[in-house]
Amino acid sequence: MTDALRDQYIFGCDGATYMLASEVKSSPAKGKVRNDARWRANWWDFHPLVENTHSPVAVSSSSTIFTAHPTRPIVLGRLFPSSKQFHVASPDPILRSPASYEPPTVITVSPNDHWLFAFYPGRDGDGIACLWNRGSRVDIWMVRECWPFSRGAGVVAAAWAGTEREWATSTDGLSSRLSSRGPLTPVSNPTLLLVTQAHQLRVYYLRAYIPSLKVLFCSLTQPCITVEVQALGAMHDTPAGPKTSRLCINAAIGFIHNENSILIAMRSRRYPTSDSLKPAAYNDLDRGLSLDPPQSQDSEQSPPLEWGAQAEEQTIELCEVKLRLEGMNMNLISQPLPPLHHPSPHLTGLMFVCTPPPKPDPTTSPRASPKKDKQPMRSMTESPPTFLVASFLDFEDYSTVPKSDMVAYTLAQAPDLTEEPDWECLPIFAPTSRAGMDWPVSIAMSKNRALLCAVAMGRVSIHALPKQLFKGPETGKHTPPNVSPLAMALTSALQSRRSIADIAHVLSMSATPLETIVETLRGTWFSFEANARAGMVGAFSAMDVLGATVELYRARAQQTADEDEKQHLSSLWRNAHDMCSVAACLAAFQDCEEAEGYDLEPVWQLISLSSWAVSFFEKLMKECLFLADLADPNSAPGKVQPKFEPMDVSDPFLTNGAFILLVHSRRGSHTNIDSPTPEICRSPSPFDSPILLHLVHPLTLANLIGLAIHVNHFYHSLNSLTPKGENSQIARDILVDLIRCSGLNFKGLEDILKGAALDVRSIPGKLIPQSDDRLSPQGYNQLAE
C-alpha cells in the first residue's frame, strides 16, 4: 500500500459550508508477471472498463436480474435462482428498426420493483430511453413511455428519487428504519433522475392526474434554477448534445440522509474535431503566405486540440442539486462545487456511499427525564458523512497488467480503505478453463447484500459477498445474545417485504454448516421478539419467519447430496410448512366467520380447508398414539421414558454376535449373550419427531386449538342447515362424511388440546409468552431448531 495522499477542499452551497478531504489507498501492484500458468490476464482484458463498454446489470427487490443482450438492443431478465431468461418488451422504435440501436448501456430498476428504465444508444443517430411498469407477474413489463436522445446527449447515469426508508437490524437484534435519503416526492411516482453526456440533470416524473411524463432539467456545470410551469407540457423537446466537443463519460448520483440534496459527480473527455487536428506547422509552410495569419473569432474561442487531447480530463466535477416542492410545483437548483483533481488517465467507476446516522441512545430519548439524562444531547441537524469512491486503472506502457487505485473522498472524515479484520475475505471463483480471462467488469449487489451479480463477456455469474465475522454470544456475562450478520440481513428483508432468495442461496451451499442455518433462524426469532417488545414489528409476523424457515430448509435439502440429511431437512421444512398452513386455515375461518355461523359463499373453499385439517389432525394423532405405545407408563412426572420391549433373537441371523453387539452399542440395550436364548431389549426411536412441536409450543398449540374449534363449529353449522338446492346438499354431505369417516371427535380433541395448553405452562424454560403474540427467546429456539 502506498502512503496516503491527502487533499482538502472547502465549498459552500445555500449558506452551508463543507470540508472535503480525500485519502488515497493503492492496491498492491498487479503488474508483475506471475509464474502460475493459470494467470493469463492481459491489459486488453480490462479494455471494457476504460472504454465504458461493459454491460449494465441491475437486481430488483424480487431477486430479478436484468442484463443487456451482448449484441442486440434487448433487456434480458432472469428470476433468481431460476436459470430461465425472459425478454423485456422493447419499445416500438426498436421493434421497427433494431439495427439502428446498440444494446442498452444503462439499466436500473426502482426500489419498489414497480418501474424499470433502460437507455439504448443509437448506432448512427439518436438514442432511445424507455420506461416500463411491472405487470401482474415479475416477468411481465409493459412500456409506459419512450423518448429519444440526440447524439452527444445520451444517458450516463440514472437513479430514483423519493425511495422508501430502509430497514436495518443491529447486533442486539432490534430493527429500526433509517432516515430518508434525498428529496421527498409525495406528488410524483416515479421520479427518475438522469445525467446526460451534455452535463445536464434531467428529472422525469409522473403525476397521478397527468397521463404522460413531465420533465425538468438543469445544467451541472454552471448555477441554474429551473421552475416548473403549469403550462409546461410533457416531454416536448429532444435532449440535444453539447455545442462543444466535451462529453460526460461517467457519472454517479448520490443522496444524503435527512437532506433534500442530490450530489452528482462527473468525469469528462474532450473529443477533437477534424479542424482542430491539423498540425500547427501545416499553415506555416513556405507557400507565399504570411507566417502570422490573422486569427479568426472561432479559433480564439476554440483553440486547436492536439492528438493527445482525447484523453480523459484529470478532474472529477461535482455539483449539488436541490429538488424542492413548493405547493404543487417542483423546482431544480444546481450549484457546481470545486472539482477534485486526480492524475490517473482512466477512471473506471464512481459511487456515492452515504453512512446512516448513529442509532439513538435509549437513555437520551425525548421521553427520558432531563435530570436522569446524564449524556450530552447530540446535534439533531448533524448530517452523517457521505463518501465518493472512485476507482482508476493505470496501463503504463501497455505491456503488463494495469495497476488499480481506489480513492475515497468524504464530506466529513478520510475512511480507511485497509482490510477490516472483523470481515471475511472471499475469493471470486471462476471455471478452471476460464481462469484469469473473464474478469467481472459490471457488478450489482443483491438487495439483501448477500450476493454479488457480475457480468463478464456476456456471462452472468453469482458470487458471495463478505460478511462480518460472527463471534457468538459472550459467555459468563449478563448480556443479550449477539445476532449473526445473516440473521440481521434476514430480519431486515422480512421487515422490508423483500425476497430472501439470495440469503437462502448462501445458506444452501454445502460449504455452509447446518449450524449456521440454525443460528440464523435463532437470531431472526430473537429479533422478532425484541422488535415485538419494542413495538417495531409492523408487517413483520411470526408466520413470516416460519415462511423463511420453510424456504431455507427446503433450499438446503435440494442442494445436499446426503440422503439422511436430505430426509431430515425435508421433515423440518414440511413441518414448518404445516405450521404456516394451520395458521393460514385459521385465518381463513376467522375471515369467513359471522355472528350466526359462516359465510357460505366460499363454502367449497372452507370444505377444502376442513379436509386438509382433518388429514393433518389424523397424522398428528397417529404419531401421538405411536409414541404413547412406546412410552413407559411408569415414567416419573414430567419425564417421558421409553419402554423397553423384549425381542426374541432365537433366529440364527439375530444371534449373530456382530448384530447383537451393533444393537447393544447403538441402542444402549440390556443383553444377556451367555443365556441360551439371549434377549435384546431395544429402546424406541427418540421423541424428536418435528410434528410434536405443534403440541409443545404455545404459538402452534394455540393455532391448533383455534383450528379444531372452527372445524367443529363449521361442521355443526353446516349440518344444522336445511339444504335449498342440490349444490348445498352435496356440500353438506361431503363435510358430514368427511368428519364422520375420520374417526376424530373434534369436541373431545378440543378438550384434550386445551388441557395440553395447561401442561405446556409447566414446561421448564419459561416458554410461556407475556402476551398472546410474543414468545420468549427459549421458545423461539425450539422453532429455529
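Quick caveat: nothing in here was measured; it's all calculated off a predicted structure.

Quick notes on the rules
- Residues numbered from 1 in each chain as written.
- Predicted model: local features only at pLDDT ≥ 70, side-chain atom pairs only at ≥ 80, totals over all residues.
- Heavy atoms only, no water.
- Helix = DSSP H or I, 4+ residues; strand = E, 2+ residues; numbered from the N terminus.
- Buried < 20%, exposed > 50% of the residue type's maximum accessible area, 1.4 Å probe, protein only.
- Contact = heavy atoms within 4.5 Å.
- Areas by Shrake-Rupley, 256 points an atom, 1.4 Å probe, with all protein chains shown as cover.
- Phe/Tyr/Trp six-rings, centres within 6.5 Å; stacked < 30°, edge-to-face > 60°.
- Lys NZ or Arg CZ within 6 Å of the ring centre and 35° of its normal.
- Pairing = 2+ DSSP bridges.
- Axes fitted to C-alpha atoms, helices over the stretch in contact; angles between N-to-C directions.
- Patch = residues over 30% accessible without salt bridge, like charges linked within 9 Å, V, L, I, M, F, W, Y side chains within 5 Å.
- Salt bridge = Lys/Arg side-chain N within 4 Å of Asp/Glu carboxyl O.
- Parallel < 35°, antiparallel > 145°, perpendicular 65-115°, else oblique.
- Left-handed = near helix turned anticlockwise from the far one by under 90°.
- Nonpolar A, V, L, I, M, F, W, Y, C, P; charged D, E, K, R; others polar.
- Polar contact = N/O pair within 3.5 Å; in protein donor to acceptor, adjacent residues only side chain to side chain.

1. A closer look at the overall build of the protein chain
Here's step 1: Helix and strand content of the protein chain: 15 helices and 32 strands.
Here's step 2: Expressed as a percentage of its 785 residues, the buried residues of the protein chain come to 43%.
Here's step 3: Taking contacts inside the protein chain between residues at least 6 apart in sequence as the whole, the part at least 24 apart equals 63%.
Here's step 4: As displayed, the protein chain has an accessible area near 42,300 Å², and 54% of this comes from carbon and sulfur atoms.

2. Notes on the packing of aromatic side chains
Here's step 1: Summed over all chains, the structure comprises 13 aromatic pairs.
Here's step 2: Plain terms: the ring middles of Phe66 and Trp141 are 5.7 Å apart, the flat faces sit at 80 degrees to each other, and that makes the pair edge-to-face. In this pair, Phe66 sits in strand S4 (residues 64–68) while Trp141 sits in strand S10 (residues 141–149), placing the two residues 75 residues apart along the sequence.
Here's step 3: Classification of Phe66 as buried rests on a relative accessible area of 0%.
Here's step 4: In this structure an aromatic cluster arises from ring pairing among Phe117, Phe119, Trp147, Phe149 and Tyr204.
Here's step 5: For the cation-ring pair, Arg554 lies above Trp573, with the distance from its terminal atom to the ring centre recorded as 5.6 Å.

3. Observations concerning the sheet that holds strand S9 (residues 127–134)
Here's step 1: Taken in spatial order, the four strands make up an open sheet running S7-S8-S9-S10, and their pairing is antiparallel. On the outer flanks of this sheet lie strand S7 (106–109) and S10, each paired with one strand and no other. Each strand of the sheet is rotated relative to its neighbour by a mean of 15 degrees, with strand direction disregarded.
Here's step 2: The pairing of S9 with S10 spans eight bridges and is classified as antiparallel.

4. Here we look at a nonpolar patch on the surface
Here's step 1: A cluster of nonpolar side chains, namely Trp604, Ile730 and Ile734, defines an oily patch on the protein surface of about 250 Å² accessible area.
Here's step 2: Along the chain, the position of Ile730 falls in helix H13 (residues 726–740).
Here's step 3: Judged by relative accessible area, which is 38%, Ile730 ranks as partly exposed.

5. Quick word on the packing of helix H7 (residues 542–559) against helix H8 (residues 563–592)
Here's step 1: The geometry of H7 relative to H8 is characterised by a closest axis approach of 8 Å and an angle of 155 degrees between their N-to-C directions. Judged by the inter-axis angle, H7 sits roughly antiparallel to H8. Both H7 and H8 take part in a crossing whose hand is left-handed. Touching Met543, Leu546, Gly547, Thr549, Val550, Tyr553, Arg554, Arg556 and Ala557 of H7 are Glu565, Lys566, Leu569, Ser570, Leu572, Trp573, Ala576, His577, Met579, Cys580 and Ala583, all from H8.
Here's step 2: When grouped by side-chain class, the residues that make up the contact of H7 with H8 number 12 nonpolar, four polar and four charged.

6. Section: the pairing of S7
Here's step 1: Side-chain alternation along S7 places Val106 and Thr108 on one buried face and Ile107 and Val109 on a second face that is also buried.
Here's step 2: As defined by bridge partners, S7 adjoins strand S8 (residues 115–120) across four bridges and the pair is classed as antiparallel. When the bridges of S8 are listed, Val109 appears paired with Leu116.
Here's step 3: Here S7 folds back onto S8, and the loop between the two strands holds five residues, one of which, Asp113, carries a positive phi near 65 degrees.

7. Topic: the pattern of salt bridges
Here's step 1: In total, this model carries 20 salt bridges according to the counting rule given.
Here's step 2: Of the charged contacts in the structure, one is a salt bridge between Glu317 and Arg246, with a shortest N-O distance of 2.5 Å. Within this pair, whereas Glu317 is found in strand S20 (residues 315–326), its partner Arg246 is found in strand S18 (residues 246–255), the two being separated by 71 residues in sequence.
Here's step 3: Put simply, Arg246, Arg270, Glu313 and Glu317 are held in one network by salt bridges that share partners.

8. Some thoughts on the packing of helix H12 (residues 698–719) against helix H14 (residues 746–760)
Here's step 1: Where H12 contacts H14, the axes come no closer than 9 Å and their chain directions differ by 160 degrees. One element, H12, and the other, H14, form an angle in the roughly antiparallel class. In this structure, H12 meets H14 at a crossing whose hand is left-handed. Residue-level inspection shows Pro698, Leu701, Leu704, Ile705, Ala708, Ile709, Val711 and Asn712 of H12 in contact with H14, the latter providing Phe746, Lys747, Glu750, Leu753, Lys754, Ala756, Ala757 and Val760.
Here's step 2: For the contact of H12 with H14, the class distribution of residues is 12 nonpolar, one polar and three charged.

9. Some details on the side chain of Ser442
Here's step 1: Inspection of the secondary structure assignment puts Ser442 in strand S25 (residues 442–445).
Here's step 2: Note on Ser442: relative accessible area 4%, which makes it buried.
Here's step 3: A polar atom in the side chain of Ser442 sits 2.3 Å from the backbone oxygen of Ser55.
Here's step 4: If near-sequence neighbours (up to four positions away) are discounted, Ser442 is found in contact with His54, Ser55, Pro56, Val57, Cys453, Ala454 and Val455.

10. Some remarks on the pairing of S18
Here's step 1: Of all 10 residues in S18, 10 are buried, a share of seventy percent or more.
Here's step 2: Taken together, the nine bridges between S18 and strand S19 (residues 261–270) define a ladder with antiparallel strand orientation. Paired with Gly254 across the bridge in S19 is Leu263.
Here's step 3: Hairpin connection from S18 to S19: five residues lie between these consecutive antiparallel strands, with Asn258 at a positive phi of about 65 degrees.

11. Description of the environment of Pro223
Here's step 1: With respect to the secondary-structure elements, Pro223 resides in the loop between strand S16 (214–219) and strand S17 (224–227).
Here's step 2: Taking C-alpha positions, Pro223 is 9.2 Å from Cys319, a pair spaced 96 residues apart along the chain.
Here's step 3: Setting aside residues no more than four positions away along its own chain, Pro223 makes contact with Ser334, Gln335 and Pro336.

12. A few points about the sheet that holds S19
Here's step 1: Reading across from one edge, S17-S21-S20-S19-S18 is the order of the five strands in this open sheet, with antiparallel pairing throughout. Looking at the sheet topology across the chains shown, the edges are occupied by S17 and S18. Strand-to-strand, the axes of this sheet are offset by a mean angle of 25 degrees, without reference to chain direction.
Here's step 2: Pairing analysis gives 11 bridges linking S20 to strand S21 (residues 329–341), with the strands arranged antiparallel. Directly across from Leu323, in S21, lies its bridge partner Leu332.

13. Quick look at unusual backbone geometry
Here's step 1: Each neighbour pair has its own omega, and for Phe80 with Pro81 the value is 10 degrees, a cis peptide bond.
Here's step 2: Take Pro81: it is sitting in the loop between strand S5 (75–79) and strand S6 (85–87).
Here's step 3: Of note, the bond from Asn189 into Pro190 is cis; its omega dihedral lies within 30 degrees of zero at 5 degrees.
Here's step 4: Examined against the element boundaries, Pro190 turns out to sit in the loop between strand S13 (175–177) and strand S14 (191–196).
Here's step 5: Even without a glycine there, the phi angle at Ser63 is positive, about 60 degrees.
Here's step 6: Here Ser63 shows up in the loop between strand S3 (57–59) and S4.
Here's step 7: Overall, the relative accessible area of 8% leaves Ser63 in the buried class.
Here's step 8: Positive phi values are uncommon outside glycine, yet Arg449 reaches one of about 55 degrees.
Here's step 9: With respect to the secondary-structure elements, Arg449 resides in the loop between S25 and strand S26 (451–456).

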